[in-house]
Amino acid sequence: MREIGGRGSLAGPRAIALLLGATLVLAALLAWQAQDAARSHRRAAEGTLRDDSRFAAREFLRRARFEVDHFGLYPIIYVLSANERAFPGGALPDREEIARLSRRMRNGPLPARALFRLDVATGTVSASPEAPEDLVAWVRANLPGLVAGKTPPEGELAAETISVAGAPRTIVYGVSPDSSRICLAFEVDTKDLAPFLERAFADGPLLPAAAGAEPIPLFLELSDAWGRVLLRRGSSFDAALGFEERLAGPRAGIFRGMTLRVSVPAEAARRLLVGGLPPSRLPVVLGALTLAAGLLAAAVALARRERAVAAMRSDFVSAVSHELRTPLAQIRLFAETLMLERTRTAEERRRSLAIIDQEARRLSHLVDNTLQFTRAERGTIALELADHDLSGIVRDAIEAFSPIAAARGVRVAVQIPETLMARVDEGAVRQILINLLDNAVKYGPPGQQVVVGLESGPRSLRLFVEDQGPGIAPGDRERIWEKFARLPRRDQAHAGGAGIGLSVVRDLASLHGATARVEAGVGSGSRFVVEFPPAAAAPSLEGIPAGGKA
């Protein structure tokens with residue numbers, strides 16, 4: 001396609017494309033800013049909820065330490081201390097004795113599997129009869145060093161999570177309340193902590209009352225050092241909103257080495273935060289960017305299409321101007337020859353008049369085509385359908401076109417019945433046939449034979465024009481009906497035309513309810529076929545105003 005009007009004519013579409021591109025870039029920047037702000041807002045909200053989860057975890061650990069230490073562990077120390085006061089250096093009580101002495105305590109202490117006593121001054125370790133030998137050996141080897149290292153602080157209990165003979169063990173120890181030289185220790189099973197943990201969890205909301213009128217349904221999970229879950233409440237842990245910690249340090253007590261996980265559920269965020277947890281804006285941002293990109297692509301496509309249409313229209317005006325100028329120049333030349341009486345014989349006068357008639361017909365045909373095309377563009381073609389002898393219309397059109405065909409030595413053969421009635425618009429059918437004949441003469445070789453046929457079938461009436469030209473490739477048989485379409489052929493560079501003749505044919509055929517197509521001819525040429533519906537099936541134009549679109 002040529003650039004019509006020079007480079008300046010492309011400035012408009014290019015400027016529009018640049019502006020639209022800049023708009024898309026600006027929209028992308030704004031979208032990125034909006035997404036970044038939304039992401040920052042969500043991170044802040046998630047951080048607040050993680051702080052709530054951390055607070056709930058700390059509160060639960062405080063309660064659990066209180067429940068386990070005061071009602072599960074200290075009673076055992078008190079019983080052992082009482083036994084030490086009553087029987088200094090004597091045998092340690094067994095588990096049944098501890099249970100008997102602790103019956104009046106709240107829910108009883110933790111079951112103690114084995115009991116130990118360490119004389120800090122001498123390093124002597126005593127054990128209860130049920131203590132296994134491998135565990136006694138570990139206590140004798142390690143407990144003196146732990147106590148000498150000031151673990152735990154005086155008045156508190158500490159715990160060691162160990163593995164002896166492949167079995168998990170938990171040893172709790174602390175300095176006797178009656179004598180700092182005596183350290184008392186015992187073994188417990190962490191599974192026995194469950195009732196104490198249940199009471200700690202049920203002892204009121206873990207988050208402050210200001211966080212909501214009703215308790216927040218938290219997820220909470222406490223598992224020991226071997227991965228055994230001691231307590232789990234809630235459905236699932238949300239890592240983005242939760243808090244997870246492996247408990248360490250001497251003040252973790254018996255929970256040292258255990259893992260505590262707490263998270264606030266996303267559905268409860270609205271009760272903890274004003275407006276709740278902000279949703280992700282990414283789908284909206286991506287959707288807006290996709291829409292903007294689609295609009296930009298559509299705008300660019302429309303701009304390119306508009307440029308192509310403008311170029312085609314410019315070519316059309318140029319071609320029509322050229323086509324009009326040629327017959328007008330011929331008419332003027334031979335008219336002046338006659339007016340100035342430059343002809344020498346009657347034969348020359350007749351020849352001049354014949355050329356004037358031929359060029360006038362050509363000019364009339366071109367003007368009719370142009371008018372019909374502009375009406376089709378505006379949608380103002382109006383047909384007057386009536387019963388006509390289609391054979392007679394075809395003969396009249398061939399006779400009107402014969403001077404143009406004769407100028408190139410083209411013979412027109414006719415294959416039509418004597419009479420064939422059809423409901424058509426006489427002028428439109430004549431223009432269809434003349435356009436097809438003009439196309440055959442223009443693109444076919446000089447001296448060829450063009451066949452015009454008319455056939456009647458049970459379902460249609462077929463009008464065809466077959467030439468002896470180079471033919472049309474199957475891939476181009478639809479494109480030739482488009483406006484301004486012309487196939488590039490080096491051997492036909494001399495052929496004029498504005499590229500609207502076949503477009504007019506298809507438009508007029510469509511208004512009749514007919515179809516127009518091209519197929520291979522008998523020889524090397526092409527056969528153009530217009531297939532009209534039977535007379536009874538022809539479209540009615542009743543109710544369509546004059547000048548309205550059919």
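Residues numbered from 1 in each chain as written. Predicted model: local features only at pLDDT ≥ 70, side-chain atom pairs only at ≥ 80, totals over all residues. Heavy atoms only, no water.

Some remarks on the confidence of the model for the protein chain
For the protein chain, per-residue confidence averages 79 on the pLDDT scale, and residues scoring 70 or more make up 83% of the total. Here residues 1–9 is modelled with pLDDT under 50, and outside its nearest four sequence neighbours on either side it reaches eleven contacts, counting other chains as well. A low-confidence stretch, residues 490–494 stays under pLDDT 50, and its non-local contacts, those more than four residues away or across chains, total four contacts. (pLDDT = per-residue confidence, 0-100. Contact = heavy atoms within 4.5 Å.)

Focus on helix α8 (residues 390–407)
Between its terminal C-alpha atoms α8 stretches 26 Å, which fits the 26 Å expected from 18 residues at 1.5 Å a residue. Its axis deflected by about 45° at Phe401, α8 carries its strongest bend there, up to four residues before the proline Pro403. In the segment just after α8, Gly409 is the residue with positive phi, at about 70°. (Helix = DSSP H or I, 4+ residues; strand = E, 2+ residues; numbered from the N terminus. Expected span 1.5 Å × (residues − 1). Bend = angle between axes of the 7 residues up to and from the residue.)

A closer look at the pattern of salt bridges
Within this structure, the stated rule accounts for 28 salt bridges. Put simply, Arg423 and Asp387 hold a salt bridge, and the shortest N to O gap is 4.0 Å. Taken together, the positions of Arg423 in strand β12 (residues 421–424) and Asp387 in strand β10 (residues 386–389) put the pair 36 residues apart, joining distant regions of the chain. Residue Asp387 is classed as exposed on the basis of its relative accessible area of 54%. A salt bridge links Arg479 to Asp476; the shortest N-O distance between them is 3.8 Å. The exposure class of Asp476 is partly exposed, given its relative accessible area of 24%. Sharing partners across several salt bridges, the network here consists of Glu455, Arg462, Arg517, Glu519 and Glu531. (Salt bridge = Lys/Arg side-chain N within 4 Å of Asp/Glu carboxyl O. Buried < 20%, exposed > 50% of the residue type's maximum accessible area, 1.4 Å probe, protein only.)

Quick look at the nonpolar core
Judged by nonpolar contacts, the single largest core of 52 residues is most densely connected at Phe60, Phe186, Leu193, Leu197, Ile254 and Phe255. When residues of this core are traced back to their parent elements, those giving at least two are α1 (11–86), β5 (182–188), α4 (194–202), β6 (219–223), β7 (229–233), β9 (259–263) and α5 (269–272). With 14 residues, the top contributor of residues to this core is α1. What Phe186 contacts, discounting residues up to four positions off in sequence, is Leu73, Ile76, Ile77, Leu80, Ala112, Ala114, Leu115, Phe116, Thr170, Ile171 and Val172. Val450, Val465, Ala509 and Ala514 belong to the second largest nonpolar core, which has 46 residues in total. (Core = buried A, V, L, I, M, F, W, Y, C linked by side-chain atoms within 4.5 Å.)

Some points on the sheet that holds strand β14 (residues 461–466)
Within a sheet, neighbouring strands are paired by backbone hydrogen bonds and run either parallel or antiparallel to one another. Here we have five strands laid out as an open sheet, ordered β11-β13-β14-β16-β15, and mixed in their pairing. The sheet terminates laterally at β11 (411–415) and β15 (515–520), the two strands that pair on one side only. Each strand axis lies, on average, 15° off the axis of its neighbour in the sheet, ignoring direction. The pairing of β14 with strand β16 (residues 526–532) spans six bridges and is classified as antiparallel. Paired with Arg462 across the two strands is Glu531, which belongs to β16. (Pairing = 2+ DSSP bridges. Axes fitted to C-alpha atoms, helices over the stretch in contact; angles between N-to-C directions.)

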